[in-house]
Amino acid sequence: MRSTFRRHRAIAVVLGIASAYAVAAFPRAHAQGPRERTMFVSAVDQKGEPVEGLGPNDFAIREDGALREVLRVSHANEPIDIAILVDDSAASEGVIPRVREGLSAFVKTMSEDNQIAIIGLADRPTILVDYSSNTKRLLDGVGRLWPRSRAGSTFMDGLYEVSRGLQKRETPRAVIIPVITDGGDFVYRHYEQVMPEVKKAGAAIHAVTIGTFMSSDTDELRNRARILAEGTKDTGGQRVNLLTPMAVQSSLERLARELSSQYKVVYGHPESLIPPEKIEVSAKRQGLTMRGTLERGTGTAK
């Protein structure tokens, strides 16, 4: 039986307390010097495939336009909290079979050492599987994804609720993966309400969208479009737009390779009472794209 966020509120509190004790094993930012910050960075080539073998001289990090010194670069081994938001509304009919295939492949790759939650968006955000590394449980949850007839999507509300939940968890990395269609969206929250919560959570939005997304003639669709255009980029994520569901699996498999190949980049950060408003990472090599998010608990990357 599906369970709503309201029904899981007490459980979420318990999970938040439990995760707080579990994360004590991870040194996180406390092991760094007072003038250091850590960013988890994806480096991909023109085909979107991860690039290996990069060093400090390949990364350029700027805070409010000021170039910072990159001190150390290593492969990121820190665990990731991954929240997958799935459009299982009536608009997903004909798409869901491909989505199930793609999510099954993603879960098999990413469930080891990471915690994954699956949330359906039809009518209201509904937890299908709470954060777990149990592959079978996650695959069972994927198998329960079916289009809900006469139900609309609640993407903005789901993003808001998931971000609030992630704020109670302290895993060093967090990713939100919306897999949505271009059907309508029942919105009760706007961009200005949702994005501050995403940034407080320190999560990167990696959206996989299916359809043309041509219409933006209502407030609901304009808010969604802004999240997909600005929110993905500002959080160190991306938007992958597919015209048909045929490439959902390959896109999710590529995303799994990207997340599994991230770099842990430590850079010098001068002491200041005023935190930077904008933090950017870019490649010094031609033909590479970089995107990154600060280690959670150390600030917000834009």
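Refer to the preceding data block for the structure.
Residues numbered from 1 in each chain as written. Predicted model: local features only at pLDDT ≥ 70, side-chain atom pairs only at ≥ 80, totals over all residues. Heavy atoms only, no water.

**Student:** Got a sec to walk through the sheet that holds strand β4 (residues 66-68)? Specific residues and values, please.
**Tutor:** A sheet is described by the order of its strands in space; here three strands give the open sequence β4-β3-β13, paired in antiparallel fashion. Whereas interior strands pair on both sides, the edge strands pair on one side only; in this sheet they are β4 and β13 (279-283). Each strand axis lies, on average, 35 degrees off the axis of its neighbour in the sheet, ignoring direction. Across three bridges, the pairing between strand β3 (residues 59-63) and β4 is antiparallel. The residue bridging E63 from the neighbouring strand is A66, located in β4. (Pairing = 2+ DSSP bridges. Helix = DSSP H or I, 4+ residues; strand = E, 2+ residues; numbered from the N terminus. Axes fitted to C-alpha atoms, helices over the stretch in contact; angles between N-to-C directions.)

**Student:** Quick rundown of the packing of aromatic side chains? Include the residues and the values.
**Tutor:** A complete count under the given rule lists one aromatic pair for this structure. Taking the centre distance of 5.4 Å and the plane angle of 70 degrees together, the rings of F59 and Y263 count as edge-to-face. A residue pair is termed long-range when its members are at least 10 positions apart, and F59 in strand β3 and Y263 in strand β12 (residues 263-268) qualify at 204 residues. Summarising the burial analysis for this pair, F59 and Y263 share the class buried. R100 extends its terminal NZ or CZ atom over the ring of W146, reaching a point 4.1 Å from the ring centre. Sitting over the face of the ring of Y191, R226 holds its NZ or CZ atom 3.9 Å from the ring centroid. (Phe/Tyr/Trp six-rings, centres within 6.5 Å; stacked < 30°, edge-to-face > 60°. Buried < 20%, exposed > 50% of the residue type's maximum accessible area, 1.4 Å probe, protein only. Lys NZ or Arg CZ within 6 Å of the ring centre and 35° of its normal.)

**Student:** Account for helix α2 (residues 96-110), naming residues and giving values.
**Tutor:** The end-to-end C-alpha distance of α2 is 20 Å, a good match for the 21 Å that 15 residues give at a rise of 1.5 Å each. The complete set of buried residues in α2 reads I96, V99, R100, G102, L103, A105, F106, V107 and M110. On its buried face, α2 is in contact with β6 (80-86), β7 (115-120), α3 (135-143), β9 (173-181), β10 (204-210) and α7 (248-260). (Expected span 1.5 Å × (residues − 1). Contact = heavy atoms within 4.5 Å.)

**Student:** Which residues make up the nonpolar core, and what are the values?
**Tutor:** Core analysis: the largest hydrophobic core is formed by 29 residues, its most contacted members being I84, L103, F106 and I177. Elements represented by at least two residues in this core include exactly β6, α2, β7, β8 (126-132), α3, β9, β10 and α7. By residue number, the principal contributor to this core is α2, which donates six residues. Leaving out residues up to four positions away in the same chain, I177 has contacts with I82, A83, I84, L85, F106, H206, L252 and L255. Core analysis: the next-biggest nonpolar cluster, separate from the first, contains 27 residues, M156, L166, V198 and I205 among them. (Core = buried A, V, L, I, M, F, W, Y, C linked by side-chain atoms within 4.5 Å.)

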